[in-house]
Amino acid sequence: MQATILEQSLSTLPLGATRFFDSIGSTNDEALRWARAGAPHLALVMADEQTAGRGRLGRRWYTPPGSALAFSLLLRPESLPAPLLTRLTALGALAVCIALQEHLGLASQIKWPNDVLAGGRKLAGVLVEIDWQGDRPTAAILGIGINIASESVPADNELMFPATCVEAELGSPVDRWALLRATLQALLAWLPRLASADFLTAWERRLAYRGETVQVFTGDGLPLEGRLLGLETDGALRLRLPTGEIQSIQAGELHLRPAGFSQ
Ligand code: BT5
């Protein structure tokens, strides 16, 4: 049933192949298995429910049935020069923002590096995983989870950051297959332009907390604190530290400076 709706909804997109599961551990794991078994470029794995959905650093991603979008798109890196692999997370987040804006009129931002926020709460997350053979990437798996209905939003005490869903932000029901289609469409439209300056501009325009004071936890001692200026050309975050020094950060966890903290 859902597989048929899905196939109809995606039928005009140039996808390599599609697999739909009512329930699965993680769509990223399935896409990786399929990649190793020879799945083509732009193969899509989609699940109604994930029982072992993953975020970064082994964190959990919650996808209960019937209430969210959880999918993984497989990209064969022949057409993607290695430096561009680092832009795939942003590509996923940007595609979600564009689909929300153009398809539903809902504004959203990218919380660097991989979250999509609406109304200051997390509405979607992106997890990119690369499969390597020696030092050669053989597949990139771009996994995206989007909360659609309120059942998809975990309880606050399970979260590192407040969450929301598309229907709560819009105040009306949403056709999730149409949103999936719009997201894939945006993703496929930007994929050939991943190396362009336009891509960086589109990403930077949607960056959350620009001009605000943030803390970035790099896992290396105390968090760095500074004003968020924007992005470097390699996608690193550019901060102005209280000393005036400009610092680029390649990886980390971003937070707004806690209220009441004075500099
Ligand atoms: C992410 O990680 O945000 C990446 C999420 C990627 C999920 C997709 S779904 C399809 C594909 N298959 C997978 O197995 N994964 C991908 P991170 O930034 O590390 O955030 C994880 C944290 O988000 C968790 O520790 C929770 O605090 C929170 N979280 C978990 N489920 C959530 C949800 N549904 N909505 C909002 N926050 C959630």
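That block above? That's the structure.
One structure accompanies this document, and this report is about it. (Residues numbered from 1 in each chain as written. Predicted model: local features only at pLDDT ≥ 70, side-chain atom pairs only at ≥ 80, totals over all residues. Heavy atoms only, no water.)

1. Topic: the site of the ligand
In the region of the ligand, 30 residues are neighbours, and Ser26, Arg54, Arg59, Lys122 and Asn147 sit closest. In this structure, Asn147 approaches the ligand through a side-chain N or O atom, which is 2.8 Å from a nitrogen atom. Isolated, the ligand exposes 800 Å² of accessible area, and the fraction of that covered by the protein chains is 96%. Here the residues of the shell around the ligand sort into 10 nonpolar, 13 polar and seven charged. (Near = heavy atom within 4 Å. Polar contact = N/O pair within 3.5 Å; in protein donor to acceptor, adjacent residues only side chain to side chain. Areas by Shrake-Rupley, 256 points an atom, 1.4 Å probe, with all protein chains shown as cover. Nonpolar A, V, L, I, M, F, W, Y, C, P; charged D, E, K, R; others polar.)

2. Structural notes on helix α2 (residues 27–36)
Along α2, the positions that sit buried rather than exposed are Thr27, Asn28, Glu30, Ala31, Trp34 and Ala35. Buried residues in α2, looked at end-on, bunch into an arc of 160°, giving them a common side. Summarising the geometry of α2, the exposed residues directed more than 90 degrees from the buried face are Arg33 and Arg36. Close packing links the buried residues of α2 with β1 (17–24), β2 (43–50), β3 (68–75), β6 (121–133) and β7 (136–147). The opening residue of α2 is Ser26, an N-cap whose side-chain oxygen sits 3.1 Å from the backbone nitrogen of Asn28. Just past α2, the residue Gly38 takes up positive phi, approximately 100°. (Buried < 20%, exposed > 50% of the residue type's maximum accessible area, 1.4 Å probe, protein only. Helix = DSSP H or I, 4+ residues; strand = E, 2+ residues; numbered from the N terminus. Arc of directions from axis to C-beta. Contact = heavy atoms within 4.5 Å.)

3. So, the pattern of salt bridges
Within the structure shown, the criterion is met by 11 salt bridges. Close ionic contact of Asp29 with Arg54 constitutes a salt bridge, the shortest N to O distance being 2.4 Å. One end of the pair, Asp29, is in helix α2; the other, Arg54, is in the loop between β2 and β3, and 25 residues separate them in sequence. Residue Asp29 is classed as partly exposed on the basis of its relative accessible area, which comes to 29%. Note on Arg54: relative accessible area 27%, which makes it partly exposed. A salt bridge links Glu30 to Arg33; the nearest nitrogen and oxygen atoms lie 3.0 Å apart. Of the two residues, Glu30 and Arg33 both sit in helix α2, three residues apart, roughly one turn of that helix. A relative accessible area of 10% places Glu30 in the buried class. (Salt bridge = Lys/Arg side-chain N within 4 Å of Asp/Glu carboxyl O.)

4. Structural notes on the environment of Ala140
The topology assignment puts Ala140 in strand β7. Residue Ala140 is classed as buried on the basis of its relative accessible area, which comes to 0%. Ala140 sits 66 residues away from Leu74 along the chain, and the two C-alpha atoms are 5.8 Å apart. Beyond its immediate chain neighbours, meaning those up to four positions away, Ala140 contacts Leu73, Leu74, Leu75, Leu85, Leu88, Glu129 and Ile130.

5. Describing the layout of surface pockets
Of the volumes computed, that of the largest pocket is approximately 630 Å³. Lining the largest pocket are 34 residues, and of these Gly55, Arg60, Trp61, Tyr62 and Lys122 sit closest to its centre. Residue assignment for the lining of the largest pocket shows that the elements contributing at least two residues are α2, β3, β6, β7 and β12 (253–256). Taken as a whole, the second largest pocket holds about 470 Å³ of empty space. Together, 20 residues line the second largest pocket, and Leu85, Thr86, Thr89, Pro113 and Gln250 are the ones closest to its centre. Per-element tally for the lining of the second largest pocket: the top contributor is β6, with five residues. Residues of the lining of the second largest pocket, tallied by class, amount to 12 nonpolar, six polar and two charged. (1 Å grid on protein atoms, 1.4 Å probe; cavity = no way out; pocket = protein on both sides within 12 Å on 5 of 7 lines; lining within 4 Å. Points joined across faces, edges and corners; volume = space filled by probe spheres on them.)

In short, geometric facts, not functional conclusions.
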